[in-house]
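Coordinate inspection notes
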Amino acid sequence: MPRQLAASWGHVLSLLALQFLVVAVTAYGALSDDVLRNITVNEADFDIHNGGLLAPLLIPRVPGTPGQAKAQEHLASFFRTQLPKWNITWQNSTATTPATGTKQVPFANLIARKEPPWTKPGQANYLTLVAHYDSKMKPDGFIGATDSAVPCAILLHVARFIDEYMTRMHDEMIALGELGGTVPMDMGVQILLLDGEEAFVAWTATDSLYGARSLAAEWETSMNPAMSIYKTPLEQISMFVLLDLLGTAGPTVPSYFQTTHWAYQGMASVEKRMRNLGLLESTPAQSFLPEADKGPNLFGSAGVQDDHIPFITRGVPTLHLIPSPFPVGIWHTMNDDGAHLDPATVRDWAKIVTAFTMEWLDMMELFPEQ
Ligand SMILES: *[C@@H]1O[C@H](CO)[C@@H](O)[C@H](O)[C@H]1NC(C)=O
Ligand SMILES: *[C@@H]1O[C@H](CO)[C@@H](O)[C@H](O)[C@H]1NC(C)=O
Ligand SMILES: *[C@@H]1O[C@H](CO)[C@@H](O)[C@H](O)[C@H]1NC(C)=O
Ligand SMILES: [Zn+2]
């Protein structure tokens, strides 16, 4: 086991070059069939009525209302009780909105991180998994099950599933004296549960993305300690993987960006392999991720407006997991509730995103004999 670790992390670029080649030197590696088989989802976690990860989020979660506070408590208490070693911070802001007059509406982004224990501030690079937990103000009582209660619950699942593997990986590296200093060794994960994605009245540049705009602006200008590998928290994002509008049957998620198409292909391969191994439950007419073979000339410039915008405009590589078309008859209607979810599809996404995250972190290093 140790030998394998050393062999695969042995040849790395110099630190100076890393800053310009972050994507190129991630250690993305396919998981074996046996490891894929071990990636399971507990049905109770995604039950729409009782407890678990999802049900507490299936309420209106409009910023500045009690539902927002309940959602925050669910997310924070998950990490407090189940993953107490993850570093939890809030990034808060306020803004006026076109629906609320001069009142300052509060927005709070939850940031949950785990990185190798040897990393100093400004040293770790983070696979950044993102969803928004707020819900739209109108129509009254709107739940936003796909938008984005399910994506948030999926990210909680991913964090809990990978936690022990990450700890084992770090322990083994410490035992080997592999104390970091390269991008593949200094990989961490951060989960961003963002607030205020939705417009209060109608989508404009200022009535939308309240939490994401505040966070991206703050992270661009917060300076890490002098001599850090990454100057700002924004630069520490190795990839911004944004989940949105997931949970209904038969989604098709295009590959939006050529620069991250390789990561899309990685996730599409995970889906295909898990399907072929009989590990997924849903039976869609086509893959969730059908564009693995998309040609380079077929990438348009038109993406979908979402929480990645303040980040991608600042140069952050983005993988956007949002179906096109949006869930028909569901999106921004009262039908976007627990009853209209397809539980098999929800659990399949949880497995796929978990496996992708483990491939990103090169978890096969833990199973050298395979
Ligand atoms: C799969 O899970 C079982 C039970 O937790 C564990 O004993 C085994 O080592 C795992 N195998 C792989 C390849 O992950
Ligand atoms: C958690 O993260 C914050 C923000 O990066 C940092 O200031 C703080 O020291 C960290 N806390 C721990 C316990 O590592
Ligand atoms: C930020 O908002 C969260 C959630 O509302 C709250 O728990 C926390 O105390 C706030 N932090 C600060 C510094 O105001
Ligand atoms: Zn929405």
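Residues numbered from 1 in each chain as written. Chains lettered and ligands numbered in written order. Predicted model: local features only at pLDDT ≥ 70, side-chain atom pairs only at ≥ 80, totals over all residues. Heavy atoms only, no water.

Observations concerning the nonpolar core
One recurring pattern in soluble globular proteins is that nonpolar side chains are buried together. What counts here: Buried residues of nine kinds, namely Ala, Val, Leu, Ile, Met, Phe, Trp, Tyr and Cys, make up a nonpolar core once their side-chain atoms join them within 4.5 Å. Relative accessibility decides the category of a residue: with a 1.4 Å probe and only protein chains considered, values under 20% of the type maximum give buried, values over 50% give exposed, and everything between is partly exposed. Whether two residues are in contact is decided by their heavy atoms: any pair within 4.5 Å suffices.
In this structure, Phe79 and Leu193 are the most contacted members of the largest nonpolar core, which totals 79 residues. Beyond its immediate sequence surroundings of up to four residues, Phe79 is in contact with Pro84, Trp86, Ile88, Leu110, Ala112, Leu156, Ala159 and Leu193. Counting residues in hydrophobic clusters, the runner-up holds 15 residues, among them Leu194, Ala212, Ala216 and Val316.

Some words on the site of ligand 2
Here is the rule: Think of it this way: one heavy atom of a residue within 4 Å of a molecule or strand is enough to make that residue near it. Here, Shrake-Rupley sampling with a 1.4 Å probe gives the accessible areas, and only protein chains in the shown set may cover a residue.
In the neighbourhood of ligand 2, the contacting residues comprise Asn87, Thr89 and Arg113. Coverage of ligand 2 by the protein chains reaches 27% of its 360 Å² of free accessible surface.

Thoughts on the sheet that holds strand β2 (residues 105-114)
So the rule is basically this: What makes two strands pair is DSSP finding at least two bridges between them. Working definition: helices are DSSP H or I runs of at least four residues, strands are E runs of at least two. Numbering for both runs from the N terminus. Angular values range over 0 to 180 degrees, each being the angle between N-to-C directions of two axes fitted as lines to C-alpha atoms, with helices fitted over their stretch in contact.
Strand order in the open sheet formed by 6 strands is β1-β2-β4-β3-β5-β6, and the pairing between neighbours is mixed. In this open sheet, the two strands that pair with only one neighbour each are β1 (87-95) and β6 (318-321). Across the sheet, the mean angle separating the axes of adjacent strands is 20 degrees when strand polarity is ignored. Alignment of strand β3 (residues 125-132) against strand β5 (residues 237-243), held across 5 bridges, turns out to be parallel. From the neighbouring strand, Leu129 faces β5, where its bridge partner is Val241. Packing of helix α5 (residues 145-175) onto the sheet brings it into contact with β2, β3, β4 (187-194) and β5, and relative to β4 it is tilted by some 160 degrees.

Points about unusual backbone geometry
Between Lys138 and Pro139 the backbone carries a cis peptide bond, its omega angle lying at -5 degrees. In this structure, Pro139 sits in the loop between β3 and α5. Cis geometry is adopted by the peptide bond preceding Ser148, which originates at Asp147 and carries an omega value of -5 degrees. Mapped onto the fold, Ser148 is located in helix α5. One non-glycine residue with positive phi stands out, namely Leu245, at about 55 degrees. In this structure, Leu245 sits in the loop between β5 and α7 (261-276). Its relative accessible area of 2% is what places Leu245 among the buried residues. Positive phi, normally seen in glycine, also occurs at Asp362, with a value near 55 degrees. Examined against the element boundaries, Asp362 turns out to sit in the segment after α9 (343-360).

Topic: the pattern of salt bridges
Basically, it comes down to this: Salt bridges, as used here, are contacts in which a Lys or Arg side-chain nitrogen is within 4 Å of a carboxyl oxygen on Asp or Glu.
Going through the model one piece at a time under the given rule, you end up with 13 salt bridges. Here Glu43 makes a salt bridge to Arg347, at a shortest N to O gap of 3.8 Å. Placement of Glu43 in the loop between α3 (33-37) and α4 (66-82) and of Arg347 in helix α9 is noted, with a sequence separation of 304 residues between them. Among the residues examined, Glu43 registers a relative accessible area of 51% and is labelled exposed.

Some remarks on the coordination of the zinc ion (ligand 4)
So the rule is basically this: The donor definition counts N, O and S atoms within 2.8 Å of each metal and applies 3.2 Å to Na, K and Ca; water is not among these atoms, so some sites may look incomplete.
Within the protein, the zinc ion (ligand 4) binds to Asp147 (OD), Asp147 (OD), Glu198 (OE), Glu198 (OE) and His332 (NE2); these donor distances fall in the range 1.9 to 2.8 Å. Donor residues binding the zinc ion (ligand 4) come from one chain and are separated in sequence as D-x50-E-x133-H. A residue pair is termed long-range when its members are at least 10 positions apart, and Asp147 in helix α5 and Glu198 in the loop between β4 and α6 (210-221) qualify at 51 residues. As far as the burial class goes, Asp147 and Glu198 line up, both buried.

Some remarks on the packing of α5 against α9
Heads up, the condition is: For classification, angles of less than 35 degrees are called roughly parallel, those exceeding 145 degrees roughly antiparallel, those between 65 and 115 degrees roughly perpendicular, and all remaining angles oblique. The crossing is said to be left-handed when, going from far helix to near helix, the turn is anticlockwise and less than a right angle, and right-handed when the turn is clockwise. Under the scheme applied here, ten amino acids are nonpolar (Ala, Val, Leu, Ile, Met, Phe, Trp, Tyr, Cys and Pro), four are charged (Asp, Glu, Lys and Arg), and all others, including Gly, are polar.
At a minimum axis separation of 9 Å, α5 and α9 run at an interaxial angle of 45 degrees. Considered as vectors, α5 and α9 are oriented oblique to each other. Crossing of α5 over α9 shows right-handed handedness. Across the interface between the two elements, Val150, Ile154, His157, Val158, Phe161, Ile162 and Tyr165 of α5 pack against Val346, Trp349, Ala350, Val353, Thr354, Thr357 and Met358 of α9. Classifying every residue of the contact of α5 with α9 gives 11 nonpolar, 3 polar and no charged.

Focus: the confidence of the model for the protein chain
Selection rule: Known as pLDDT, the predictor's confidence for each residue is given on a scale from 0 to 100.
When pLDDT is averaged across the protein chain, the result is 92; 93% of the residues are at 70 or more. Long-range and interchain partners of residues 1-24, a stretch whose pLDDT sits below 50, account for 39 contacts in this model, where long-range means more than four residues apart.

Section: the side chain of Asp163
Position of Asp163 among the secondary structure elements: in helix α5. Apart from residues lying up to four places away in sequence, Asp163 is in contact with Leu83, Trp86 and Lys114.

Here we look at the pairing of β2
Most of β2 is tucked away: 9 of the 10 residues are buried. Where β2 meets β4, 5 bridges bridge the pair, whose relative direction is antiparallel. Its bridge partner being in β4, Lys114 is matched across the sheet by Val189.

Let's talk about the packing of α7 against α9
For the pair α7 and α9, interaxial distance at closest approach is 9 Å and the crossing angle is 125 degrees. As the angle between them shows, α7 and α9 are arranged oblique. The chirality of how α7 crosses α9 is right-handed. Together, Trp262, Ala263, Gly266, Met267, Val270, Glu271, Arg273, Met274 and Arg275 of α7 and Asp348, Lys351, Ile352, Ala355, Phe356, Glu359 and Trp360 of α9 make up the contact between the two elements.

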